[in-house]
Amino acid sequence: MEFQHLPSRTTLTGGFGLRVLTIIFSILITAGCTTLPDQPVPVAIDGKSRAIVFDVDGTLTPKPIAINTARENAARAVNLFAENGYTIIYLSARNLFFQFPIPDWLQENDFPAGIIHVPRTHAEHFNPAEFKAGMLQKYVDEGWMLVAAYGDTHTDFEAYSQVGIPRERIFAVQREDAEQCQLTEQIWAECLTGWQPHFEQIMQIISLEGTSGDTQPPMLNSSP
């Protein structure tokens, strides 16, 4: 039996191989240079400013790796809150190299304007609960009322709980192909298998909390 000879280093780095490596390196450099700018936390207006928190990957998308696909009816669910004056916080721990498409993706899929927060360092990316809790605490410190929060992973729920969002307003979204939501009902109020059945409950939340017309949601950031 003959062994196949592995390509030499010259073969791998020469010709086509060199071009491929150059393209990959360029993509990584470009991605690193186009991470989203840091967004300031606005000061609440007379204690009346209300916000809804949404994780992105696995919550507004079918699963974390499907970053280019919008989950069915997710945009409509977010718009129900936005149309009633609630500020939308898009809080994602996505890898720094893949953050830059988020603003355009949201716009292209008809999500409303909102404030986008993503990790600024790899340490924040690898500690999502700490990153998200820290960011949301800034809103609490500025006088914001975090009315409800949505996520798909235990780190989301941990962050939401840490900043005082009540359990009955923390909603788990089941990932596509998953058998159940992460963790248990001790952490979140309900496991959502889809967005459309939740529309009625969204309207109930708005009815209980009232509209937030004094709050003007900022425009989405455009990618560089």
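Not measured: the values here are computed from a predicted model.

### Some remarks on the nonpolar core
Reasoning step 1: The biggest cluster of nonpolar side chains holds 32 residues, and the ones touching the most others in it are Phe54, Phe81, Tyr90, Tyr150 and Trp195.
Reasoning step 2: Contributions of two or more residues to this core are made by strand 1 (50–54), helix 3 (74–82), strand 2 (87–91), helix 4 (102–108), strand 4 (145–151), strand 5 (170–173) and helix 8 (199–209).
Reasoning step 3: In terms of residue count, helix 3 provides more of this core than any other element does, 7 residues in total.
Reasoning step 4: Core analysis: the second largest hydrophobic core is formed by 25 residues, Phe131, Ala133, Met135 and Phe157 among them.

### Focus on the state of the cysteines
As used here, a disulfide is simply a covalent bond connecting the sulfur atoms of two cysteines.
Reasoning step 1: Within the structure shown, the criterion is met by 1 disulfide.
Reasoning step 2: One disulfide in the model links Cys181 with Cys191; its S-S distance is 2.0 Å. The sign of the 80 degrees torsion about the S-S bond sets the Cys181-Cys191 disulfide as right-handed. Here the residue Cys181 occupies a position in the loop between strand 5 and strand 6 (190–192), and Cys191 occupies one in strand 6, the gap between them amounting to 10 residues.
Reasoning step 3: With relative accessibility at 25%, the residue Cys191 sits in the partly exposed group.

### Examining the sheet that holds strand 4
Reasoning step 1: Reading across from one edge, 3-2-1-4-5-6 is the order of the 6 strands in this open sheet, with parallel pairing throughout. Pairing within the sheet leaves two strands with one partner each, and these edge strands are strand 3 (115–117) and strand 6. Within the sheet, the average angular offset between the axes of one strand and its neighbour, ignoring direction, is 25 degrees.
Reasoning step 2: As paired elements, strand 2 and strand 3 share 3 bridges and run parallel to each other.

### Structural notes on the pattern of salt bridges
Reasoning step 1: Considering all chains together, one arrives at 9 salt bridges under this definition.
Reasoning step 2: The partner of Lys63 in a salt bridge is Glu176, with the nearest N and O atoms 3.8 Å apart. Placement of Lys63 in the loop between strand 1 and helix 3 and of Glu176 in the loop between strand 5 and strand 6 is noted, with a sequence separation of 113 residues between them.
Reasoning step 3: Taken together, the shared-partner salt bridges connect Arg50, Arg169 and Glu209 into one network.

### Concerning the packing of helix 6 (residues 128–141) against helix 7 (residues 154–162)
Reasoning step 1: Two elements in contact, helix 6 and helix 7, have axes whose closest approach is 8 Å; the angle formed by their N-to-C orientations is 35 degrees. Crossing handedness for the pair helix 6 and helix 7: right-handed. Facing Pro128, Ala129, Lys132, Ala133 and Leu136 of helix 6, the residues of helix 7 in contact are Thr155, Asp156, Glu158, Ala159, Tyr160 and Gln162.

### Thoughts on the pairing of strand 5
Reasoning step 1: Burial along strand 5 is two-sided: Ile170 and Ala172 and Phe171 and Val173, pointing in opposite directions, are all buried.
Reasoning step 2: Inspection of the sheet shows strand 4 paired to strand 5 by 3 bridges, in the parallel sense. Along strand 5, the bridge assignment pairs Ala149 with Ile170.
Reasoning step 3: You can see the chain leave strand 4, run along helix 7 and come back into strand 5, and the turn it takes is right-handed.
Reasoning step 4: When strand 5 meets strand 6, the two strands line up parallel, connected through 3 bridges. Counterpart to Val173 in the pairing with strand 6 is Leu192.

### A few points about the confidence of the model for the protein
Reasoning step 1: On average, residues of the protein score 84 in pLDDT, and 78% of them are at 70 or above.
Reasoning step 2: Below a pLDDT of 50 lies the segment residues 28–32, which in the model reaches 5 contacts outside its immediate sequence neighbourhood of four places, other chains included.
Reasoning step 3: Low pLDDT, under 50, characterises residues 214–224; the predicted model gives this stretch 33 contacts beyond four residues in sequence or across chains.

### Some details on the environment of Lys63
Reasoning step 1: Among the residues examined, Lys63 registers a relative accessible area of 26% and is labelled partly exposed.
Reasoning step 2: Considered as a pair, Lys63 and Gln174 are 111 residues apart in the sequence and their alpha carbons are 8.6 Å apart.
Reasoning step 3: What Lys63 contacts, discounting residues up to four positions off in sequence, is Gly58, Glu176 and Asp177.

Cut-offs used in this document
Residues numbered from 1 in each chain as written. Predicted model: local features only at pLDDT ≥ 70, side-chain atom pairs only at ≥ 80, totals over all residues. Heavy atoms only, no water. Core = buried A, V, L, I, M, F, W, Y, C linked by side-chain atoms within 4.5 Å. Buried < 20%, exposed > 50% of the residue type's maximum accessible area, 1.4 Å probe, protein only. Helix = DSSP H or I, 4+ residues; strand = E, 2+ residues; numbered from the N terminus. Disulfide = S-S within 2.5 Å. Pairing = 2+ DSSP bridges. Axes fitted to C-alpha atoms, helices over the stretch in contact; angles between N-to-C directions. Salt bridge = Lys/Arg side-chain N within 4 Å of Asp/Glu carboxyl O. Left-handed = near helix turned anticlockwise from the far one by under 90°. Contact = heavy atoms within 4.5 Å. Right-handed = clockwise from strand over helix to strand, strands pointing away. pLDDT = per-residue confidence, 0-100.

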